[in-house]
Amino acid sequence: MIAVAGCSLVAVVFVLLVSLTFVRSSDDSDPIVATARRVALREGFVGIVMINSGYVDISLSWLCNVQQFGSHRFVVFVTTDSAATKALASARTEHKWSFDIVQTAVELPVELQGPQAYSESGYWYWLEHRVRLMQRLLDADVDFVLFETDAVWFDCAFRELHTAAETTADGDDTVDIWGLRDGDRAVSMGFGFLLVRANERTRDFWRELTKRF
């Protein structure tokens, strides 16, 4: 049985008209997986955030906010278009920041390179792309924190999360999935800040979640 701190994830069944072909997640020829594995081996897990050019400004604001906490070293930005890659790389050079950037092998269509409206087709396609990325990381045995940059941090949340998720409430087992409740709904957990540990339970769970998208 999978151990979840908080509550259950709810899978939404959505039929997508477009699909992507990904390289095998266990293969180091996949630069996203290879970079994430390197950071996770060094830090214990990797912080993964996926953005397009529509979310660069808010991500740069977040990077400025957390620089003082030493959070950058945990982070791999997965970009889905070249404009986002160039903007982040330019800021990293200018400010001498230390996070990683990897662009997806397939650049998303122009209509998906800006902010996506909640519940519209582009939004669900974006989520499907991200869910499949998470499966690749789990298949490659990489522990990760999926997060978003639309928040103000008052400390290094990665270090706090590492401590909080070491054991379940009874102190017996390592937590498989640790996250924040999605608003007032007691039956769901949001993708905005989610630690997932790679093991057979989470891999099986994520395969089912991916299949239902």
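Criteria and thresholds
- Residues numbered from 1 in each chain as written.
- Predicted model: local features only at pLDDT ≥ 70, side-chain atom pairs only at ≥ 80, totals over all residues.
- Heavy atoms only, no water.
- Helix = DSSP H or I, 4+ residues; strand = E, 2+ residues; numbered from the N terminus.
- Buried < 20%, exposed > 50% of the residue type's maximum accessible area, 1.4 Å probe, protein only.
- Contact = heavy atoms within 4.5 Å.
- Phe/Tyr/Trp six-rings, centres within 6.5 Å; stacked < 30°, edge-to-face > 60°.
- Pairing = 2+ DSSP bridges.
- Right-handed = clockwise from strand over helix to strand, strands pointing away.
- pLDDT = per-residue confidence, 0-100.
- Core = buried A, V, L, I, M, F, W, Y, C linked by side-chain atoms within 4.5 Å.
- Salt bridge = Lys/Arg side-chain N within 4 Å of Asp/Glu carboxyl O.

A. Region of interest: the overall build of the chain. From N to C terminus, the chain includes 6 helices and 7 strands. Starting at the N terminus and ending at the C terminus, the chain contains elements arranged as β-α-β-α-β-α-β-α-β-α-β-β-α. In the chain, which comprises 213 residues, the proportion classed as buried is 49%. Here the contacts in the chain between residues at least 6 apart in sequence split such that 74% fall between residues at least 24 apart.

B. Geometry of the packing of aromatic side chains. Counted according to the given criterion, the structure contains 12 aromatic pairs. Ring geometry for Trp62 against Trp153: centres 5.1 Å apart, planes inclined by 85 degrees, an arrangement best described as edge-to-face. Residue Trp62 is located in helix α2 (residues 56–66), and its partner Trp153 is located in the loop between β5 (144–147) and α5 (157–164); the two are separated by 91 residues in the primary sequence. Since its relative accessible area comes to 1%, Trp62 is described here as buried.

C. Structural view of the pairing of strand β4 (residues 100–103). One ladder, built from 4 bridges, connects strand β3 (residues 75–79) with β4; its direction is parallel. In the strand pairing of β4, Phe77 is matched with Ile101. A crossover connection joins β3 to the parallel β4 through helix α3 (residues 82–95); in handedness this β-α-β unit is right-handed.

D. Representation of unusual backbone geometry in the model. Of note in the backbone geometry, Lys96 takes a positive phi value of approximately 60 degrees without being a glycine. Residue placement: Lys96 occurs in the loop between α3 and β4. A relative accessible area of 72% means that Lys96 is categorised as exposed.

E. Here's a closer look at the confidence of the model for the chain. Of the residues in the chain, 72% reach a pLDDT of 70 or more, and the chain-wide mean stands at 79. Looking at the elements of the chain, mean pLDDT is at its lowest for strand β1 (residues 4–5), recorded as 48, and at its highest for β3, recorded as 97. Contacts for the low-pLDDT stretch residues 4–26, under 50 throughout, to residues beyond four places or in other chains number 56 contacts.

F. Here's a closer look at the nonpolar core. Membership of the largest hydrophobic core comes to 30 residues, with the highest contact counts inside it found for Val46, Ile48, Phe144, Phe191 and Trp206. Secondary-structure elements contributing two or more residues to this core are α1 (31–43), β2 (46–51), β3, α4 (121–139), β5, β7 (189–196) and α6 (200–212). Sort the elements by how many residues they give to this core and α4 lands first, with 7 residues. If near-sequence neighbours (up to four positions away) are discounted, Ile48 is found in contact with Ala36, Val76, Val78, Leu133, Leu137, Phe144, Val145, Leu146 and Phe147.

G. Main features of α2. Turning to α2, its buried residues are Val56, Ser59, Trp62, Leu63, Asn65 and Val66. Among the structural elements, β2, β3, α3 and β5 are those in contact with the buried residues of α2.

H. Representation of the pattern of salt bridges in the model. Per the counting criterion, the structure on display carries 14 salt bridges. Of the charged contacts in the structure, one is a salt bridge between Arg73 and Glu43, with a shortest N-O distance of 3.1 Å. Remark: Glu43 occurs in helix α1 and Arg73 occurs in the loop between α2 and β3; sequence separation between them is 30 residues. Overall, the relative accessible area of 16% leaves Glu43 in the buried class. For the salt bridge of Asp141 with Arg203, the shortest nitrogen-to-oxygen distance reads 3.5 Å. Placement of Asp141 in the loop between α4 and β5 and of Arg203 in helix α6 is noted, with a sequence separation of 62 residues between them.

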